[in-house]
Amino acid sequence: MNKKLILSVLFLTSVFFSDDEIYINQQGSNASIDLEQLGSNNLIGGTDSVAGTLTALDLDGASMTLDINQIGSSNIFRSDAIDGESFTGFFEFTGDSNVYDMLMNSTGLITSDFVNMNIQVTGNTNTFDVDIGEDDSASYLDLDWVILGDSNTLTFDLDYSNAINFIDINGSSNTITANLDGYSGTTSSDSGYLYMDIDGSSNTYNITQSSTLARDYLKIIQNGNNSNICIIQSDSGGSTSC
């Protein structure tokens, strides 16, 4: 079998700023990519970035493994095109005021099935935005969040068939907004599944599950005071709101 790997990586350390910068575009199967940054104001983005403007990185190919470690504050990871099935991602962010922005298979032209992602966050006032599938279903997704800290914002939009999502948060004043839809399997054993284990007060959750076959499952364990929780489950039979 012929295999092609095209990996374009640019590492920059500016003499004018305290930033370390990694710009990366990749094409080809079976890539294993490990990126680590220590310190503050670091960037990971695409090779089209220019001074003052960060573009998103582009990773294409099946059976890819991506390991990102950003240790420090005010760092940015940005991707709008991680495309390919059998993707494994581990993301570790330690510090405050970091930004993580990820988009996978937004067009539906490339499959993003069998995705396994683990996102671990330690720190406060971080912002995370994850979109997988969007307008085209991603099958067999396993997405895990482990958050330790306060005032973090998590937003994710998943269009899936057969998904498992686990969120473990220890902290207060965090905000979670989730829009979960798709086909969601054919039996209760392969439905859309979201399990949230939250320790902390004054958290806000806005969760919408609206799979076609109405086989969504949601479990929340909450230990804390003064939280605001809005849950909507819909099979497209009508609209409602909290």
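Caption draft 1: Molecular detail of the nonpolar core. Within the largest apolar cluster, 46 residues are counted, with the highest numbers of intra-cluster contacts made by Phe87, Phe91, Tyr100, Met117, Ile119 and Trp145. At 7 residues, strand S13 (residues 153–170) tops the list of elements feeding residues into this core. Contact partners of phenylalanine 91, with chain neighbours within four places excluded, come to Leu66, Ile68, Phe77, Tyr100, Met102, Met117, Asn118, Ile119 and Gln120.

Caption draft 2: Local environment of the packing of aromatic side chains. With the rule as written, the count across this model stands at 10 aromatic pairs. Taken together through their ring pairs, the aromatic side chains of Phe77, Phe91, Phe93, Tyr100, Phe128, Trp145 and Phe156 make up a single cluster. We note lysine 219 situated over the ring of tyrosine 195; from NZ or CZ to the ring centre the distance is 4.9 Å.

Caption draft 3: Just unusual backbone geometry, in detail. One non-glycine residue, serine 86, adopts positive backbone phi at about 55°. Examined against the element boundaries, serine 86 turns out to sit in the loop between strand S7 (76–83) and strand S8 (88–94). Not every positive phi belongs to a glycine, and phenylalanine 114 is a case in point at roughly 55°. Judged by relative accessible area, which is 47%, phenylalanine 114 ranks as partly exposed.

Caption draft 4: The arrangement of the pattern of salt bridges in detail. The tally for this structure, following the rule as stated, stands at 1 salt bridge. Taking the shortest distance from any N to any O, the salt bridge between aspartate 101 and arginine 78 comes out at 3.8 Å. With aspartate 101 in strand S9 (residues 99–104) and arginine 78 in strand S7, this pair connects stretches of sequence that are 23 residues apart. Arginine 78 gets classed as partly exposed once you look at its relative accessible area, which sits at 26%.

Caption draft 5: Looking closely at the environment of threonine 122. Tracing the backbone through its elements, the reader meets threonine 122 in strand S10 (residues 115–122). Classification of threonine 122 as partly exposed rests on a relative accessible area of 39%. It is 5.9 Å that separates the C-alpha atoms of threonine 122 and glycine 149, two residues lying 27 residues apart in sequence. With sequence-adjacent residues up to four places away left out, threonine 122 is seen in contact with Phe93, Thr94, Gly95 and Leu148.

Caption draft 6: Geometry of the environment of serine 202. Relative to the assigned elements, serine 202 resides in the loop between strand S15 (192–199) and strand S16 (204–211). Take serine 202: its relative accessible area is 33%, and that puts it in the partly exposed class. Sequence separation between serine 202 and asparagine 226 is 24 residues; the distance between their C-alpha atoms is 4.8 Å. In this structure, serine 202 is in contact with Ser173, Asn174, Asn225, Asn226 and Ser227, ignoring residues within four places of it in sequence.

Rules of the game
- Residues numbered from 1 in each chain as written.
- Predicted model: local features only at pLDDT ≥ 70, side-chain atom pairs only at ≥ 80, totals over all residues.
- Heavy atoms only, no water.
- Core = buried A, V, L, I, M, F, W, Y, C linked by side-chain atoms within 4.5 Å.
- Buried < 20%, exposed > 50% of the residue type's maximum accessible area, 1.4 Å probe, protein only.
- Helix = DSSP H or I, 4+ residues; strand = E, 2+ residues; numbered from the N terminus.
- Contact = heavy atoms within 4.5 Å.
- Phe/Tyr/Trp six-rings, centres within 6.5 Å; stacked < 30°, edge-to-face > 60°.
- Lys NZ or Arg CZ within 6 Å of the ring centre and 35° of its normal.
- Salt bridge = Lys/Arg side-chain N within 4 Å of Asp/Glu carboxyl O.

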